[in-house]
Amino acid sequence: IREPLMPHVIVQATPNVTIKNPESLLKKLNSTLWDTGHFGSPQAIKARLLNVENFLVGIEDDQQEEGFVYIQLRLMPGRSQEIREDLAEKLHTCLKQELVEQQSGRVSVQYCVEVIELTAAYKKEKI
């Protein structure tokens, strides 16, 4: 399925996770998706990084020794479970390749990817 309006890649990272070059990370994630052949144009892939100000992992991590990077991939419906799982795996691999080496070792980082299918009610218009 090739769609002109999707996907959205939303990356959330806790402040104790080191991301030295956010623009480079977003470019790599977008390139990873584009290389799958499932999208109509590179401009269809929209990515953003949202910094998480307040967070807690577990119930007693007062020293913030735990952190996370969470990617939500939002797609229009219609792709098989196999394709969605493949997209998630490719993003997860890219995320780890880009960030694991940048971490200080002081923080244990969880890398997460979730694929969400939007409803047909999603609307977008390019003007």
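Residues numbered from 1 in each chain as written. Predicted model: local features only at pLDDT ≥ 70, side-chain atom pairs only at ≥ 80, totals over all residues. Heavy atoms only, no water.

Novice: Describe in detail the packing of helix α1 (residues 22-34) against helix α2 (residues 81-99), supporting the description with residues and values.
Specialist: Running from amino to carboxyl end, α1 crosses α2 at an angle of 150°, the nearest separation of the two axes being 10 Å. Between α1 and α2, the crossing angle belongs to the class labelled roughly antiparallel. Crossing angle aside, the handedness with which α1 passes α2 is right-handed. Residues Ser24, Leu25, Lys28, Leu29, Thr32 and Leu33 of α1 lie in contact with α2, whose contacting residues are Leu87, Lys90, Leu91, Cys94, Leu95, Glu98 and Leu99. Among the residues forming the contact of α1 with α2, the class breakdown is 8 nonpolar, 2 polar and 3 charged. (Axes fitted to C-alpha atoms, helices over the stretch in contact; angles between N-to-C directions. Helix = DSSP H or I, 4+ residues; strand = E, 2+ residues; numbered from the N terminus. Parallel < 35°, antiparallel > 145°, perpendicular 65-115°, else oblique. Left-handed = near helix turned anticlockwise from the far one by under 90°. Contact = heavy atoms within 4.5 Å. Nonpolar A, V, L, I, M, F, W, Y, C, P; charged D, E, K, R; others polar.)

Novice: Before we move on, can you summarise the sheet that holds strand β4 (residues 108-117) with the specific residues and values?
Specialist: Taken together, 4 strands build an open sheet; the order of strands is β2-β1-β3-β4 and the sheet is mixed. Of all the strands in the sheet, just β2 (46-51) and β4 have a single pairing partner and so form its edges. On average, each strand axis in the sheet is inclined to that of its neighbour by 15°, with strand direction left out of account. Taken together, the 10 bridges between strand β3 (residues 66-75) and β4 define a ladder with parallel strand orientation. Paired with phenylalanine 68 across the two strands is glutamine 110, which belongs to β4. (Pairing = 2+ DSSP bridges.)

Novice: Describe α2, naming the residues involved and giving the relevant values.
Specialist: Taking 1.5 Å per residue as the helical rise, α2 with its 19 residues ought to reach 27 Å, and the 27 Å between its terminal C-alpha atoms agrees with that figure. Those residues of α2 lying buried are Arg84, Leu87, Ala88, Leu91, Cys94, Leu95, Glu98 and Leu99. For α2, the arc enclosing every buried residue in end-on projection is 130°, short of the 170-degree limit, so these residues lie on one face. Facing away from the buried surface of α2 by more than 90 degrees, the exposed residues are Glu82 and Gln97. (Expected span 1.5 Å × (residues − 1). Buried < 20%, exposed > 50% of the residue type's maximum accessible area, 1.4 Å probe, protein only. Arc of directions from axis to C-beta.)

Novice: Which residues make up the environment of proline 22, and what are the values?
Specialist: One can find proline 22 in helix α1. Residues proline 22 and leucine 50, spaced 28 residues apart in sequence, show a C-alpha to C-alpha distance of 10 Å.

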